[in-house]
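Breakdown of the fold
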Amino acid sequence: MKNSALKGALGALAVVGVALIAKKAVQRKRFIKGIFDEYGIKEKSPFGLADKIREMNEEDYQELKGKFKKEFSSRCCRKDNTCEA
């Protein structure tokens, strides 16, 4: 009985973990779709994004780069130097 309760608890924890990962993937997909819509990129691929970046001026490129850094930055190490690599 003890092992089956432990297996059930671990199974529930695994389901919650998968749900959190799926939620994060949906959020990132929504972000990328928003970038494609905002910049008017018709080809929904990395190549379409690269073509658009080649056409951008430096100011627009830096703005886009900042958006990507903000969205995809790791949140495990903060700027307060609590974790140094």
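Heads up: the structure comes first, above all this text.
Scoring rules and cut-offs
- Every chain begins its residue count from 1, and numbering advances along the sequence as written.
- Totals for whole chains, interfaces and linings use every residue, but because this is a predicted model, local features are given only for residues with pLDDT of at least 70 and side-chain atom pairs only at 80 or more, for both listing and counting.
- The basis for the side-chain values is all heavy atoms of the structure; hydrogens and waters are excluded.
- Going along the chain from the N terminus, every DSSP run of H or I of four or more residues is numbered as a helix, and every run of E of two or more is numbered as a strand.
- Any two residues having at least one pair of non-hydrogen atoms within 4.5 Å are treated as being in contact.
- To be clear on the numbers: accessible area is Shrake-Rupley with a 1.4 Å probe, and residue cover counts the displayed protein chains and nothing else.
- Buried Ala, Val, Leu, Ile, Met, Phe, Trp, Tyr and Cys residues that are joined via side-chain atoms within 4.5 Å together make up what is termed a nonpolar core.
- Throughout, exposure labels follow a simple rule: accessible area from a 1.4 Å probe, protein chains only, divided by the maximum for the residue type, with under 20% read as buried, over 50% as exposed, and the rest as partly exposed.
- For salt bridges, the criterion is a side-chain nitrogen of Lys or Arg within 4 Å of an Asp or Glu carboxyl oxygen.
- The criterion for an aromatic pair is that two Phe, Tyr or Trp rings (for Trp, the six-membered ring) have centres within 6.5 Å, with stacked assigned to planes under 30 degrees apart, edge-to-face to planes over 60 apart and tilted to the rest.

Quick notes on the overall build of the protein
If you tally the helices and strands in the protein, you get three helices and zero strands. Order of helices (α) and strands (β) in the protein, N terminus to C terminus: α-α-α. Contacts spanning at least 24 positions in sequence make up 50% of the contacts within the protein whose residues lie at least 6 apart. Per element, the accessible surface of the protein, about 7300 Å² overall, is 61% carbon and sulfur.

Notes on the nonpolar core
Membership of the largest hydrophobic core is limited to eight residues, which are F31, I35, F36, Y39, I41, L49, M56 and L64. Looking at this core, the element that brings in the most residues is helix α1 (residues 2-38), giving three residues. Those residues in contact with L64, other than ones at most four positions away along the chain, are I35, Y39, L49, I53 and M56.

Considerations on the environment of L49
Turning to its location among the elements, L49 is positioned in helix α2 (residues 46-55). The spacing of L49 and I35 is 14 residues in sequence and 9.2 Å in space, taken between C-alpha atoms. Beyond its immediate chain neighbours, meaning those up to four positions away, L49 contacts F36, I41, L64 and F68.

Section: the pattern of salt bridges
Inspection of every chain in the model, using the stated rule, returns four salt bridges. Residue R54 pairs with D51 through a salt bridge whose shortest N-O separation is 2.6 Å. Separated by three residues within a single helix, R54 and D51 lie in helix α2, roughly one turn from each other. The class for R54 is exposed, based on a relative accessible area of 63%. The structure contains a network of salt bridges with shared partners spanning E38, E63 and K67.

A short note on the packing of aromatic side chains
The final tally for this structure, using the stated rule, is three aromatic pairs. For the pair F31 and F72, a centre-to-centre distance of 5.7 Å together with 80° between the ring planes defines the contact as edge-to-face. Within this pair, whereas F31 is found in helix α1, its partner F72 is found in helix α3 (residues 58-72), the two being separated by 41 residues in sequence. Since its relative accessible area comes to 18%, F31 is described here as buried. For F72, a relative accessible area of 33% puts it in the partly exposed group. Measuring from centroid to centroid gives 5.9 Å for F68 and F72, while their planes differ by 15°, and the two rings are stacked. Here F68 and its partner F72 are both found in helix α3, four residues apart, which amounts to about one turn of the helix. Three or more aromatic residues joined by ring pairs form one cluster here, namely F31, F68 and F72.

Structural measurements only, silent on function.
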